[in-house]
Amino acid sequence: MLEYFLVFLGAAIPWIEIMLVIPLGIIRGLSPVWVVILSFAGNMLTVLLLIIGFQQVKDWIERRNKKKGSGESKRRQQGEKIMNTYGLPVLTLAGPILIGTHIAAFIGLVFGANKATTAIWSAVSIALWCLVFGIVTAMGFDFFVKRE
């Protein structure tokens, strides 16, 4: 039970997210179905919290960057380029692989995306990538483990 809670928690933490949590959970021997479901729930929960509290998070990041004297991060620049070129759907779909789901949602909102649309596209992206990581890991793990 604790391991499943850790899957949920790990997926909720930015930069760890589903790309790492799902393969580790499945390799650890946990049920791939529950790992995928809990990873989706954990990641989506914190993305929704970010979307809901967008303005407060944006203000906090700007204050922190001003205090540090740092400019835009490479991740943000990469996300901005994707958003301006392809739009919110591609930004959120590419997010888990390139910049992270949280950053993708945040960048979409920064550049004027609607909160509801951002939530929907984030959910689609997270669900899709959870399935991809879950299926590929389970199939790959079975392939290597069941060979005799």
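Residues numbered from 1 in each chain as written. Predicted model: local features only at pLDDT ≥ 70, side-chain atom pairs only at ≥ 80, totals over all residues. Heavy atoms only, no water.

### A closer look at the confidence of the model for the chain
Mean pLDDT for the chain: 87, with 92% of residues reaching 70 or above. Between the elements of the chain, mean pLDDT differs from a low of 77, seen in helix α5 (residues 74-86), to a high of 96, seen in helix α3 (residues 32-52). (pLDDT = per-residue confidence, 0-100. Helix = DSSP H or I, 4+ residues; strand = E, 2+ residues; numbered from the N terminus.)

### A few points about the pattern of salt bridges
Counting across every chain of the model gives one salt bridge. A salt bridge links R28 to E3, with the shortest nitrogen-to-oxygen separation between them at 2.7 Å. Here R28, found in the loop between α2 (17-27) and α3, pairs with E3, found in helix α1 (residues 2-12); they are 25 residues apart in sequence, far enough to count as distant. Since its relative accessible area comes to 30%, E3 is described here as partly exposed. (Salt bridge = Lys/Arg side-chain N within 4 Å of Asp/Glu carboxyl O. Buried < 20%, exposed > 50% of the residue type's maximum accessible area, 1.4 Å probe, protein only.)

### Re the packing of aromatic side chains
On inspection of all chains with the given rule, the structure shows two aromatic pairs. Seen in terms of ring centroids, F54 and F106 are 5.5 Å apart; in terms of plane orientation they differ by 55°. Their pairing is tilted. Residue F54 is found in helix α4 (residues 54-68), and its partner F106 is found in helix α7 (residues 101-110); the two are separated by 52 residues along the sequence. Here F54 matches F106 in class, with each residue buried. (Phe/Tyr/Trp six-rings, centres within 6.5 Å; stacked < 30°, edge-to-face > 60°.)

### Details of α5
Taking 1.5 Å of rise per residue, the 13 residues of α5 would be expected to cover 18 Å, and the 18 Å separating its terminal C-alpha atoms lies within 8% of that figure. With its phi angle positive at about 95°, G87 sits one or two positions after the end of α5. (Expected span 1.5 Å × (residues − 1).)

### A short note on the packing of α1 against α2
Closest axis-to-axis distance for the α1/α2 pair is 8 Å, and the angle between their directions is 160°. It follows that α1 is roughly antiparallel to α2 by the angle criterion. In the packing of α1 onto α2, the handedness of the crossing is right-handed. Contacts from V7, G10 and A11 in α1 reach E17, I18 and V21 in α2. (Axes fitted to C-alpha atoms, helices over the stretch in contact; angles between N-to-C directions. Parallel < 35°, antiparallel > 145°, perpendicular 65-115°, else oblique. Left-handed = near helix turned anticlockwise from the far one by under 90°. Contact = heavy atoms within 4.5 Å.)

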